[in-house]
Amino acid sequence: MLYIGSHTSFLKDKQLLGVVEESLSYGSNAFMFYTGSNQSTLRFPINEELTKKAHELMKENNIDKNNCIVHAPFIINLANNTDKDKYNFYINFLKQELKRCIELDIRKMVLHPGSYTTLNRTLGIENIANGLNIALKDIDGVELLLEYMSGKGTEVGSSINDLEEIINKLDKNVKDKVFVCLDTCHMNDSGVDLKDIDNFLEEFDKKIGINKIKCIHINDSYNEVGSHKDRHANIGYGKIGFEKLIKVIYNPKLDNIPKILETPWINRNEKDAWAPYKKEIEMIRKEEFVDYINL
Ligand SMILES: [Zn+2]
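Attention here is on the structure that accompanies the text. This structure is a prediction, so every number in the text was calculated from the model and none was measured. (Residues numbered from 1 in each chain as written. Predicted model: local features only at pLDDT ≥ 70, side-chain atom pairs only at ≥ 80, totals over all residues.)

Reading around the barrel, the eight strands line up as S1-S2-S3-S4-S5-S6-S7-S10 and close back on themselves, with parallel pairing between neighbours. For this sheet, the mean angle separating the axes of adjacent strands, direction not counted, is 30 degrees. Strand direction decides the pairing type here: strand S4 (residues 108-111) and strand S5 (residues 143-147), joined by four bridges, are parallel. Each bridged residue has a counterpart across the sheet, and for Val110 the counterpart in S5 is Leu145. (Pairing = 2+ DSSP bridges. Helix = DSSP H or I, 4+ residues; strand = E, 2+ residues; numbered from the N terminus. Axes fitted to C-alpha atoms, helices over the stretch in contact; angles between N-to-C directions.)

The phi angle at Thr117 is positive, at roughly 45 degrees, despite the residue not being glycine. Mapping Thr117 onto the fold places it in the loop between S4 and helix H4 (121-136). Taking the C-beta count within 10 Å as the criterion, Thr117 has 14 such neighbours and is therefore assigned partly exposed. In this structure, Asp230 is a non-glycine residue whose phi angle is positive, near 70 degrees. One can find Asp230 in the loop between strand S8 (220-221) and strand S9 (232-233). (Buried ≥ 20, exposed ≤ 12 C-beta atoms within 10 Å, placed from the backbone.)

Burial along strand S3 (residues 68-71) is two-sided: the residues Cys68 and Val70 and Ile69 and His71 are all buried. In this structure, strand S2 (residues 30-33) lies alongside S3, joined through three bridges in parallel fashion. Residue pairing across strands places Met32 opposite Ile69, the latter belonging to S3. Following the chain from S2 across helix H2 (residues 48-60) to the adjacent parallel S3, one finds a crossover that is right-handed. In this structure, S3 lies alongside S4, joined through two bridges in parallel fashion. Pairing of His71 across the sheet is with Val110, part of S4. The β-α-β motif built from S3, the intervening helix H3 (residues 84-104) and the parallel element S4 has right-handed crossover chirality. (Right-handed = clockwise from strand over helix to strand, strands pointing away.)

By themselves, these are just geometric observations and shouldn't be taken as functional.
Right under this line is the structure:
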């Protein structure tokens, strides 16, 4: 079964209810959102009534909460611990975000593993595993999904090996709570040609286990395979192209895993900016590309 949706906005006045309404307007049966700004740790309280109404609306429309995802803010960086206060702040903030997931009854959260900056890859991996061990120790009922990254700058998590090493360093009871979120743009930019998705999945299964994949971000990329750039393009308008993305989306090994679009809005810096998701979801369901931007 295809579960497809997009990034959506979680705003103060409508919160999760607004997210569900927005998703339904795109024809989605899955979704993702940040519980506040993705660049800051400012958070408004969650309104119980709006959460309840949102879950009712999800039920009425057959949206299973297991296909819905929260994204942790970008600023959390567990890979560098040179400033101990900052490192501890990020661990505590991650814990708070996980608790917000429980409050919202959305039980999956995606996290960028982090950038080691002034350290090195080995220390970065150790710091991430250590941070997760602390943050997840006493929190049950939320799955933490480490995102596969493009390898921009000093990012950790841009290979199966990076993710495997992090997961192998986790405490037993934490390991069961940690999963992976793939991202087609990041995979392409990290050096994976998506025409070889089956080889990638085979290696992933051997090293980590394919059942650890709990979400896939579906994005085209402005850049070539191995560019380490991370610039998301609209579906069919980038260097990956529509056909390869469709093969990933409909790969039988990835069936039933929620697929989330994080593609840029059209005319995004202008007054008439609009979300591409309804169009992209239609094309994906029909498996047919339409040049809707230039029509
Ligand atoms: Zn992400």
